[in-house]
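# Reading the structure
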Amino acid sequence: MSISDRLRELWQYRGLIRNLVARDLKVRYRNSILGIVWSWANPLLMMLVFTVVFNFLYAQSDLAQYHVFLLCALLPWQFFSQALTEATNSIVENAHLIKKVYFPREVLPISIVLSNLVNYVIALPVFFGLALVSGARITPWALLLPVPLLVQAMFSLGICMALATLNVFYRDTRIILGVLIQAWFFLTPVFYPISQIGREKTILGITFDAQLWLRRLNPMASVIASYRDLLYWGTYTGLDFLLRTAVTSLIILAVGYAVFLRYSHRFGEEV
């Protein structure tokens, strides 16, 4: 089956994707006292912890409205990390469906990414409310928010499909991923400005621009910087970095999808 035929088939199953997204959101908050309020409380609690640690105890930040600076990056990071964690196990976790019913297997990681995207959108009013109450400047540039959001969704989906495939054959993937995500978090300027890294670094006698290469090698660093430009600094984002990240994300999505399709016929046997 060609890619175009596969995509047409996937479109025919859009109702299933919608139902899986709704199911995931219901299960996420089922038997929870606060329910959907957790999508607001969780990032706010994390923001409070980082703000106390870095802004008060260690006085590491002299940024105005540091909590707003932090939250506009923390929300997309949680979208990214939760999507990876949940989608990695999506095939194995739904083995009973895969063995009984035919449907395009990519529906499962796609629904996970979309449900986390919806969860992120639900949490956005909290950010804007906090920003306005804090006196932060929200400019019309915030209307471009869907652009980095789309780039991030493509990047996340490509990684998720590759990891979901790998986890079918190597179940240690999910365990190792937890460590990698934690390291990735500290290598991404979520709770610190990228300017804090400095420009020139020398390793093994080679001098390089650390900020530039961090953005090039870590697409999430560029995506987070775009969110901050639009939501915190109130200006247009660096289109060169964003365009480069968009192309990188599209390539990762294509590669991840190709890997997924290459091995999806074996999922029923392995799970």
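Coordinates for the structure precede this section.
Cut-offs used in this document
- Residues numbered from 1 in each chain as written.
- Predicted model: local features only at pLDDT ≥ 70, side-chain atom pairs only at ≥ 80, totals over all residues.
- Heavy atoms only, no water.
- Core = buried A, V, L, I, M, F, W, Y, C linked by side-chain atoms within 4.5 Å.
- Buried < 20%, exposed > 50% of the residue type's maximum accessible area, 1.4 Å probe, protein only.
- Helix = DSSP H or I, 4+ residues; strand = E, 2+ residues; numbered from the N terminus.
- Contact = heavy atoms within 4.5 Å.
- Salt bridge = Lys/Arg side-chain N within 4 Å of Asp/Glu carboxyl O.
- Axes fitted to C-alpha atoms, helices over the stretch in contact; angles between N-to-C directions.
- Left-handed = near helix turned anticlockwise from the far one by under 90°.
- Nonpolar A, V, L, I, M, F, W, Y, C, P; charged D, E, K, R; others polar.
- Parallel < 35°, antiparallel > 145°, perpendicular 65-115°, else oblique.

A word on the nonpolar core. Generally speaking, soluble globular proteins have nonpolar side chains that are buried together. Leu84, Ile91, Tyr120, Phe127 and Leu231 are the most contacted members of the largest nonpolar core, which has 74 residues in total. Counting residues per element, this core draws most heavily on helix α4 (residues 66–88), at 15 residues. Setting aside chain neighbours within four positions, we find Ile91 in contact with Ile98, Arg105, Leu108, Pro109, Ala164, Val168, Phe260, Phe267 and Val271.

Looking now at the pattern of salt bridges. For the structure shown, the criterion picks out three salt bridges. With a closest N to O distance of 2.3 Å, Asp5 and Arg8 form a salt bridge. In this pair, Asp5 and Arg8 both sit in helix α1 (residues 3–12), three residues apart, roughly one turn of the helix. We classify Asp5 as partly exposed; its relative accessible area is 31%. Residues Glu270 and Arg266 are paired through a salt bridge, measuring 3.6 Å at the closest nitrogen-oxygen approach. A residue is classified by how much of its surface remains accessible, and Glu270, at 32% relative accessible area, is partly exposed.

As a further point, take the packing of helix α7 (residues 107–134) against helix α8 (residues 146–169). Close contact between α7 and α8 brings their axes to 10 Å; oriented N to C, the two are set at 145 degrees. The element α7 and its partner α8 pack so that their crossing is right-handed. Contacts from Pro109, Ile110, Val113, Leu117 and Tyr120 in α7 reach Leu149, Ala153, Leu157, Cys160 and Met161 in α8. For the contact of α7 with α8, the class distribution of residues is ten nonpolar, no polar and no charged.

Before going further, it helps to spend a moment on the environment of Leu25. Structurally, Leu25 can be placed in helix α2 (residues 14–29). Not counting residues up to four positions away in its chain, the partners in contact with Leu25 are Ser115 and Val118.

Moving on to the packing of helix α10 (residues 210–217) against helix α11 (residues 219–231). One way to put it is that α10 packs onto α11 with a least axis distance of 4 Å and a crossing angle of 105 degrees. With respect to each other, α10 and α11 are oriented roughly perpendicular. Across the interface between the two elements, Leu214, Arg215 and Leu217 from α10 touch Pro219, Ala221, Ser222 and Ala225 from α11. The class makeup of the residues in the contact of α10 with α11 is five nonpolar, one polar and one charged.

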